[in-house]
Each structure stands twice: as structure tokens, then as C-alpha cells.
Amino acid sequence: MKVRERPSLKALNSFGVPARAGLLVTLEREEDVLELPFFDPRRDLVLGDGTNVLFVTDVPGTVIHNRLMGRSVVAEDGDSILLEVGAGENWHRLVRWTLRQGMTGLENLSLIPGCAGAAPLQNIGAYGVDLSSVLDRVTAWDWETAAWVSLGARECLLGYRDSLFRSVAPGRYLITSIRLRLPRTFRPRLDFAGLREELAAADIVRPSALDVSDAVIRLRRRKLPDPAAIGNAGSFFKNPVVNADRADQVLADHPGLPSWPVADGAVKLSAAWMIERCGLKGHRLGDAGVSDRHALVLVNHGGASGQQIWQVASAVQAAVAEAFGIPLEPEPRVVDFSR
Ligand code: FAD
Ligand code: EPU
């Protein structure tokens, strides 16, 4: 366990905004958890790779930087493999490693930044698949009972960009490892039209899992700004989900708005389209702005502060609420200890 006082968090968040913590504790071994100072979510924060956080203020207390590594096959039954993964393992490197080992199921989730321990927080998802299709269980330290817990996938309450860890009991658990159930037999999941088109464009008729992963990587590189080149946290807002009546009203007024049916008759609406329609794609406030490549991504052109990015986010929310009557909810964790 490494400990640093008053560290800068600038290199530890993909927006690249300046922020500091009181203390930074880097967790490298599971036993270190027992040595940690008591965690209080009103002043402390757990951090993985920092690709889904916006620091609006400093962190007055401790940042626990999760660097618990390890990948091990814990069981093989029939066609599926149970793989235990340390929370600090890089997600994309894990995806590519599983494919090289002949395990499938993660290919659609290629190139999502961040580490494995954060994946359950918002049930990471892309190109028609989300973590819930492969998650078996989560091991975590429960700060409330001061004990280790092993939570089955159903107990994690995974939903669209949501989970037990995010909305029901935020700050209660420190995830130390996740267990995935991965099949050896490849069952392609090509419901996402853009992915089918990408494979067709490469003349691939019967794709392997590796072909799907490569196609997802090409799509993502084309669509999304790279945080190494321009600070961002991916989609800044969730796509709003509304009931069927509300969807009918909005779609009658805005027939071009892309929408997708989801569970229980609800409808998911494209936040990017609404933001672009408000004329905000490429909008700037100093160095904070909306990406000119993708309207759902807020960016730091270089010297923006977290407050400035939050100001842009608030302006986007106000414009979409006025034009469409739809509230937009931020997707990243907005770290604001002044509230
Ligand atoms: P962090 O940003 O460090 O943390 C995120 C949240 O999880 C925080 O609330 C933090 O406190 C909490 N947390 C982190 N680790 C733990 C732990 N071990 N225990 C308890 N709490 C923890 N997401 C998608 O779902 N789909 C996408 O397609 C996608 N594309 C993206 C593209 C880009 C360019 C970027 C920058 C981001 C994208 N994201 C996407 C968001 C991001 O990749 C995911 O949310 C990822 O899981 C964040 O991992 P992280 O390690 O960086 O988490
Ligand atoms: N669109 C616009 N303007 C834009 C960009 C997109 O109008 O500038 C419209 C297009 O019509 C497009 C639609 O929005 O058809 C949807 O765009 P896209 O396919 O890029 O998906 P998204 O809804 O913007 C979601 C996830 C992404 C995930 C992709 C692919 C959320 C909040 N975002 O984005 O996840 O990678 O689908 O599955 O659900 C993330 O969470 O950080 C993230 C990047």
C-alpha cells in the first residue's frame, strides 16, 4: 500500500482537470483493505482509472486508488469458464486477453476505458451487450458491516448505466474483484445495426469473436474522441428512458429523434440527437465544451476546470429541458464535496 499526501489528481482523471485529495492510498494487495482508514463517502472516494468522474471540487479526505491485479480461471464447467479478475485490471486488456485464451462474451465491450472493478458500477455496455450478460458475482469490502461480501449478479441490481453500487448503496462497497462466466463457444451478438454494417464493409460474413472485437474497435475510434488526445469521460449524459405515452408525445413533435424500445414498454431516446438539435455540438465555454465529433461527449480543450465543464453540462441540461421537456442525467460520477 502506497500513501501520498495532498497529491494532484490531474493525471488520474481522463478529463485532465486539476484537483487534489487530502490523501492518496494506492491499494495493491487485498490484505491492505484491512489497513485502510475508515471510509466516509461524505469526504472520501474510490477511484479506478478515473475515466468516468468529473472533479468539480477537491476530495477533502482520502482517495483509494484501486490497483488490485490478477486474472485466474477458478472453474470450468462444460462450455463455460469462471474467471476471477482483480478490480484494478485494465478492462480492454482483459477483453483482448480473454479472446486470445479462446474465451468469448466480452468482444462487444472492447476498448471501453477503465478498470474491471468499476465495470459493475454502471453495468458497462456498448454495441448491444452489457456486463450483466457475463457477470457471475462481485467480491467487495462492505464498509457498513466491516466484512467481505460476495454478491451474486442478481443482487448487484444491474440495469442501464445503473447498479446497487451506483444508486441503491453508493459508497457502501469497495469492489475488490469480479467473477465472469465466459463461454468457449462463440455466439455472435450483432443486434446493433452499426456493428453489422461495419463487419459487412470489411466483407466478413461469419465473424469470429476477434473479428467482432476488431470491428468494435474501429467503430469506437471513428466515433469517439480519444481521451489521450482531448480530455473527456465518454458519454456525459445517459440516454433518457421515458414511458410510452411520453415517448409518443416527444416523437410526434420531433419525428427524427432516434429511439429504441426497452423493457416494460419504455422507450430510450437519443440524448446526442437532442443536444445536436439544440445547436450545441461543438459549443465552447473557454476550454470546456461539447465535442464537435459526438454531441454526447463533453471535452476539455486543455485548460478547463471541472467547474467550467460542469457549467457546460448545466447549460446543455437547461437547453434540452427547454426544447424537449426531457431532463438529462449525468453518466459520470460528478465529484462535488461542497454540496
Ligand atoms: P472511475 O472513473 O475511476 O470510477 C467510476 C465510478 O466507479 C466512481 O463512482 C468510483 O468511485 C467508482 N468505482 C471505481 N472503482 C471502484 C471499486 N473498485 N469499488 C467501488 N467503486 C468503484 N462506459 C460504458 O458503459 N460504455 C461505453 O461505451 C463507454 N465508453 C467510454 C468511452 C470513453 C472515451 C470514455 C473516457 C469513457 C467511456 N465509458 C463507457 C465510461 C467508462 O469507461 C466506464 O464507466 C468505466 O467502467 C470506468 O472505469 P474507471 O476505472 O475509469 O472508473
Ligand atoms: N447522434 C447525433 N449526433 C451526434 C452523435 C450521435 O445525433 O453527434 C445520434 C445518431 O443519430 C445516432 C444516435 O445519436 O444514431 C446514437 O449515437 P451512438 O450510436 O454514438 O450511441 P450513443 O447513444 O451516443 C451509447 C452509449 C455509449 C456506447 C454507444 C454504443 C450511453 C449514454 N452511451 O452512445 O457509451 O458506446 O451507445 O453502444 O448509453 C459511455 O457510456 O460513455 C459510452 C460511450
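Predicted, not measured: the structure shown is a model, and the values here were computed from it.

1. Regarding the overall build of the protein chain
Working step 1: The helix and strand tally for the protein chain stands at 7 helices and 20 strands.
Working step 2: Taken against the 2.2 N^0.38 rule, which gives 20 Å for 339 residues, the C-alpha radius of gyration of the protein chain at 20 Å falls within 12% of a compact globule.
Working step 3: Its C-alpha atoms put the protein chain at 55 × 50 × 35 Å along the principal axes.
Working step 4: Counting only residues that meet the buried cut, the protein chain has 49% of its 339 residues in that class.
Working step 5: Here the contacts in the protein chain between residues at least 6 apart in sequence split such that 62% fall between residues at least 24 apart.
Working step 6: With an accessible surface of roughly 15,600 Å², the protein chain has 50% of that area assigned to carbon and sulfur atoms.
Working step 7: The distance from the centre of the 39 positive side-chain charges to the centre of the 40 negative ones in the protein chain is 3 Å.

2. Section: the packing of aromatic side chains
Any aromatic ring pair is given by two values, namely how distant the centres are and how the planes are angled relative to each other.
Working step 1: Applying the stated criterion to the full structure yields 8 aromatic pairs.
Working step 2: Aromatic pair F39 and W143: ring centres 4.9 Å apart, planes at 15°, arrangement stacked. Here the residue F39 occupies a position in the loop between β2 (21-27) and β3 (45-47), and W143 occupies one in the loop between β10 (135-142) and β11 (147-152), the gap between them amounting to 104 residues.
Working step 3: Summarising the aromatic geometry, the rings of F165 and Y173 are spaced 5.7 Å apart at their centres and angled 85° between planes, so their arrangement reads as edge-to-face. Judged on exposure class, the residue F165 and its partner Y173 are both buried.
Working step 4: Ring-pair connections join several aromatic residues into one group, and the members of that group are F15, F236, F237 and W310.

3. Describing the pairing of strand β19 (residues 297-300)
Working step 1: Side chains V297 and V299 of β19 all project onto a buried face; the interleaved residues L298 and N300 project onto the opposite face, where all are buried too.
Working step 2: One ladder, built from 3 bridges, connects strand β13 (residues 231-235) with β19; its direction is antiparallel. Across the sheet, residue G231 finds its bridge partner in β19, namely N300.
Working step 3: As paired elements, strand β18 (residues 288-290) and β19 share 3 bridges and run antiparallel to each other.

4. Considerations on the site of ligand 2
Working step 1: Around ligand 2 lies a shell of 23 residues, among which Y160, E276, K281, H294 and E331 are the nearest.
Working step 2: Interatomic distance of 2.8 Å between a side-chain N/O atom of N239 and an oxygen atom of ligand 2.
Working step 3: A distance of 2.8 Å separates an oxygen atom of ligand 2 from a polar side-chain atom of K281.
Working step 4: Out of a free accessible area of 830 Å², ligand 2 has 80% covered by protein chains.

5. Considering helix α3 (residues 193-201)
Working step 1: Those residues of α3 that sit buried are L195, E198 and L199. Each buried residue of α3 sits inside an arc of 95° when the element is viewed along its axis, so together they form one side. Turned more than 90 degrees away from the buried face of α3 sit E197 and A201, all of them exposed.
Working step 2: Its buried side turned inward, α3 meets α4 (209-223).
Working step 3: Immediately downstream of α3, the backbone of D203 shows phi near 60°, a positive value.

6. Notes on the nonpolar core
As a rule of thumb, nonpolar side chains are buried together in soluble globular proteins.
Working step 1: Counting residues in hydrophobic clusters, the biggest one holds 48 residues, and the most contacted among them are F55, V59, F236, I275 and V316.
Working step 2: Looking at which element gives the most residues to this core, the answer is helix α7 (residues 306-324), with 7 residues.
Working step 3: Aside from chain neighbours lying at most four places away, what touches I275 is F237, L280, K281, V290, A295, L296, V316, V320 and L328.
Working step 4: Listed in part, the 40 residues of the second largest apolar core include V85, A116, V138 and V212.

7. A few points about the pattern of salt bridges
Working step 1: Under the criterion given, the structure shown has 23 salt bridges.
Working step 2: The residue R172 makes a salt bridge to D142 at a minimum N-O spacing of 2.8 Å. In this pair, R172 is assigned in the loop between α2 (164-168) and β12 (173-183) and D142 in strand β10, connecting sequence segments 30 residues apart.
Working step 3: Salt bridges linked by common partners bring R29, E31 and D32 together as one network.

8. Overview of the packing of α3 against α4
In a pair of packed helices, the angle between the axes and the distance between the axes together describe the arrangement.
Working step 1: Look at α3 against α4: their axes get within 9 Å of each other, and the N-to-C directions meet at 110°. Here α4 runs roughly perpendicular to α3, going by the angle between their axes. Contact residues: G194, L195, E198 and L199 in α3; D211, V212, A215, V216, R218, L219 and R222 in α4.

Rules of the game
- Residues numbered from 1 in each chain as written.
- Chains lettered and ligands numbered in written order.
- Predicted model: local features only at pLDDT ≥ 70, side-chain atom pairs only at ≥ 80, totals over all residues.
- Heavy atoms only, no water.
- Helix = DSSP H or I, 4+ residues; strand = E, 2+ residues; numbered from the N terminus.
- Rg over C-alpha atoms; globule rule 2.2 N^0.38 Å.
- Buried < 20%, exposed > 50% of the residue type's maximum accessible area, 1.4 Å probe, protein only.
- Contact = heavy atoms within 4.5 Å.
- Areas by Shrake-Rupley, 256 points an atom, 1.4 Å probe, with all protein chains shown as cover.
- Lys, Arg positive; Asp, Glu negative; His and termini not counted.
- Charge placed at Lys NZ, Arg CZ, Asp CG, Glu CD.
- Phe/Tyr/Trp six-rings, centres within 6.5 Å; stacked < 30°, edge-to-face > 60°.
- Pairing = 2+ DSSP bridges.
- Near = heavy atom within 4 Å.
- Polar contact = N/O pair within 3.5 Å; in protein donor to acceptor, adjacent residues only side chain to side chain.
- Arc of directions from axis to C-beta.
- Core = buried A, V, L, I, M, F, W, Y, C linked by side-chain atoms within 4.5 Å.
- Salt bridge = Lys/Arg side-chain N within 4 Å of Asp/Glu carboxyl O.
- Axes fitted to C-alpha atoms, helices over the stretch in contact; angles between N-to-C directions.
- Parallel < 35°, antiparallel > 145°, perpendicular 65-115°, else oblique.

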